[in-house]
Amino acid sequence: MTAPTLEIHLTDDDLTEALRADARRGLTATPKWLPPKWFYDARGSELFEAITELPEYYPTRTERALLERVVGEIAEIARAEVLVELGAGSAAKTRLLLSALSAGGPLKTYVPQDVSESALRGAAAEIAAEFPGLAVHGVVSDFTDTLHNLPRGGRRMIAFLGGTIGNLVPAERAEFLTGIQRVLEPGEQLLLGAGLVIDPAVLVPAYDDAAGVTAEFNRNVLHVLNSRLHADFDPDAFAHIALWDTDNEWIEMRLEAGRDMTVTVADLDLTVRFARGEQLRTEISAKFRIDGLTAELAAAGFATEHVWTDPDARFALILAER
Ligand code: AVJ
């Protein structure tokens, strides 16, 4: 086995700098908001892993079962030499893809990308040990602006799984998909996992579980502000809210202030006032209709080759070609 290599385009200082900018912008806006990527420090990543095991949170297990069922077909159509996985994290679903793509296929290289160096280091080492014939080259970067750092050479498939595309608003999605289209050569592919619009009675509990794990995950963004920017939020004074926005067809998570409060973000020299009942938006998680998503892909220069869905039509895997 060859030892995995790691390329770092994003340092801890870069992350702090980006959080400073996002916090200043979001906390001084009306209404207040924060981007969802700041949930994921070590504790937030653990809480997310716990969410994926909740009875109410269907997306992860649905996508995994679907991937298990169709991964052979994907490998046959894709015939990729390089698998690039955006937001690879712990690379849990990747094994399925790697096994299928390397079984008799031309796969030579795996390129996991993530913002978390520690998650990536661990995952890259494990994968390299499990797939001795594979070159593993990790990239620590922010997927929204570091696509140009992805290695070239060899027929590539970029996988973006888990439904994370739903964290982007339509304009951001267009920019993101166009960015991917630009780094790909004609004939190279994108494998996209996306949650579908379903009954809100199933959807909403997935983001508002009975055990309160999602609530704790939501409040974790305040813990991140406290530790990274020396803010003095009292996270427990905020209530978790998850609602289905029928017009935009997305889940919106918010944190609602339980009382009037004045919060200081020391590293920003910023004082933020919350009125009792005021809500801070922390995430959107858009759900899609197949037609809408293939249209968005087409607008970004992708031709949809194949769409697979689970039996309940809750989740889709889409293979699209540049
Ligand atoms: C990791 C972005 C796919 O939107 O479903 C889980 C994050 N938020 N519960 C999602 C999340 C609340 C998740 N993604």
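Residues numbered from 1 in each chain as written. Predicted model: local features only at pLDDT ≥ 70, side-chain atom pairs only at ≥ 80, totals over all residues. Heavy atoms only, no water.

### Details of the overall build of the chain
Link 1 in the chain: Summing up its helical and strand segments, the chain has 9 helices and 13 strands in all.
Link 2 in the chain: Relative to the compact-globule value of 20 Å for 322 residues, the chain shows a C-alpha radius of gyration of 20 Å, a close match.
Link 3 in the chain: Projected onto its principal axes, the C-alpha positions of the chain cover 60 × 40 × 35 Å.
Link 4 in the chain: Scored against the burial criterion, the 322 residues of the chain give a buried share of 50%.
Link 5 in the chain: Taking the intrachain contacts of the chain between residues at least 6 apart in sequence as the baseline, contacts between residues at least 24 apart amount to 73%.
Link 6 in the chain: If you sum the accessible surface of the chain, you get close to 13,700 Å²; carbon and sulfur atoms cover 50% of it.
Link 7 in the chain: Taken as two groups, the 30 positive and 50 negative side-chain charges of the chain have centres that lie 2 Å from each other. (Helix = DSSP H or I, 4+ residues; strand = E, 2+ residues; numbered from the N terminus. Rg over C-alpha atoms; globule rule 2.2 N^0.38 Å. Buried < 20%, exposed > 50% of the residue type's maximum accessible area, 1.4 Å probe, protein only. Contact = heavy atoms within 4.5 Å. Areas by Shrake-Rupley, 256 points an atom, 1.4 Å probe, with all protein chains shown as cover. Lys, Arg positive; Asp, Glu negative; His and termini not counted. Charge placed at Lys NZ, Arg CZ, Asp CG, Glu CD.)

### Thoughts on the nonpolar core
Link 1 in the chain: Grouped together as the largest cluster of nonpolar side chains are 73 residues, with contacts concentrated most on Leu27, Leu97, Met157 and Leu225.
Link 2 in the chain: If you look at the next biggest cluster of nonpolar residues, it comprises 29 residues, including Val139, Phe160, Val183 and Phe302. (Core = buried A, V, L, I, M, F, W, Y, C linked by side-chain atoms within 4.5 Å.)

### Looking at the sheet that holds strand β1 (residues 5-8)
Link 1 in the chain: With respect to topology, 8 strands assemble into an open sheet ordered β1-β4-β3-β2-β5-β6-β13-β12, the strand pairing being mixed. Of all strands in the sheet, those bounded by a partner on one side alone are β1 and β12 (303-309). On average, adjacent strands in this sheet sit at an angle of 20 degrees to one another, irrespective of strand direction.
Link 2 in the chain: Inspection of the sheet shows strand β5 (residues 156-160) paired to strand β6 (residues 189-195) by 4 bridges, in the parallel sense. Residue Phe160 lies in a different strand from β6, and its bridge partner there is Leu192.
Link 3 in the chain: Strand contacts of helix α3 (residues 59-78): β5, β6, β12 and β13 (315-321), with the helix running at about 30 degrees to β13, the strand carrying the most contacts.
Link 4 in the chain: Each of β2 (82-85), β3 (109-114), β5 and β6 is contacted by helix α4 (residues 94-102), which is oriented at about 170 degrees to β2, the strand it contacts most. (Pairing = 2+ DSSP bridges. Axes fitted to C-alpha atoms, helices over the stretch in contact; angles between N-to-C directions.)

### Describing the side chain of Lys287
Link 1 in the chain: With respect to the secondary-structure elements, Lys287 resides in the loop between β11 (279-286) and α9 (290-299).
Link 2 in the chain: One buried charged residue, Lys287, forms no salt bridge at all, with the nearest opposite charge on Glu283 at 7.9 Å.
Link 3 in the chain: Side-chain polar atoms of Lys287 contact the side chain of Tyr207, separated by 2.7 Å.
Link 4 in the chain: Residues in contact with Lys287, not counting those within four places in the same chain, are Gly195, Leu196, Val197, Leu203, Tyr207, Trp244, Glu249 and Trp250. (Salt bridge = Lys/Arg side-chain N within 4 Å of Asp/Glu carboxyl O. Polar contact = N/O pair within 3.5 Å; in protein donor to acceptor, adjacent residues only side chain to side chain.)

### Quick notes on the side chain of Glu188
Link 1 in the chain: Checked against the element boundaries, Glu188 lands in the loop between α6 (170-183) and β6.
Link 2 in the chain: In this structure the side chain of Glu188 is engaged in a polar contact, spanning 2.8 Å, whose partner is the side chain of Arg156.

### Examining the site of the ligand
Link 1 in the chain: Surveying the vicinity of the ligand reveals 13 residues, the closest of which are Tyr57, Gly162, Tyr207, Glu283 and Ser285.
Link 2 in the chain: Within the side chain of Glu283, one N or O atom sits 2.7 Å away from a nitrogen atom of the ligand.
Link 3 in the chain: In isolation the ligand has 350 Å² of accessible area, and contact with the protein removes 96% of it.
Link 4 in the chain: Secondary-structure elements contributing two or more residues to the shell around the ligand are α2 (42-51) and β11. (Near = heavy atom within 4 Å.)

### As for unusual backbone geometry
Link 1 in the chain: Note the cis peptide between Thr30 and Pro31, where omega equals -10 degrees.
Link 2 in the chain: Along the chain, the position of Pro31 falls in the loop between α1 (12-27) and α2.
Link 3 in the chain: Of note, Asp269 is a non-glycine position whose phi angle comes to about 50 degrees, a positive value.
Link 4 in the chain: Its place among the elements puts Asp269 in the loop between β9 (261-265) and β10 (270-274).

### Looking at helix α5 (residues 117-130)
Given 3.6 residues per turn, any residue in an α-helix points the same way as the ones three and four places further on.
Link 1 in the chain: With 14 residues, α5 should reach 20 Å at 1.5 Å per residue; the first-to-last C-alpha distance of 20 Å fits that figure.
Link 2 in the chain: Along its buried surface, α5 packs onto β1, α4, β3 and β4 (135-140). (Expected span 1.5 Å × (residues − 1).)

### Details of the packing of α1 against helix α8 (residues 213-229)
Link 1 in the chain: As a packed pair, α1 and α8 sit with axes 11 Å apart at the nearest point and diverge in direction by 120 degrees. Considered as vectors, α1 and α8 are oriented oblique to each other. Seen along the crossing, α1 lies across α8 with a hand that is left-handed. Of the residues in α8, those in contact with Asp12, Leu15, Thr16, Leu19, Arg20, Ala23 and Leu27 of α1 are Val224, Leu225, Arg228 and Leu229.
Link 2 in the chain: Residues belonging to the contact of α1 with α8 are distributed by class as follows: 7 nonpolar, 1 polar and 3 charged. (Parallel < 35°, antiparallel > 145°, perpendicular 65-115°, else oblique. Left-handed = near helix turned anticlockwise from the far one by under 90°. Nonpolar A, V, L, I, M, F, W, Y, C, P; charged D, E, K, R; others polar.)

### Considering α2
Link 1 in the chain: Buried within α2 we find Gly44, Leu47 and Ile51. Along the axis of α2, the buried positions cluster into a sector of 60 degrees, meaning they face one direction only. Set apart from the buried face of α2 by more than 90 degrees, the exposed residues are Ala42 and Glu46.
Link 2 in the chain: In this fold, the buried residues of α2 make contact with α8. (Arc of directions from axis to C-beta.)

Function cannot be read off these values alone, since they describe shape.
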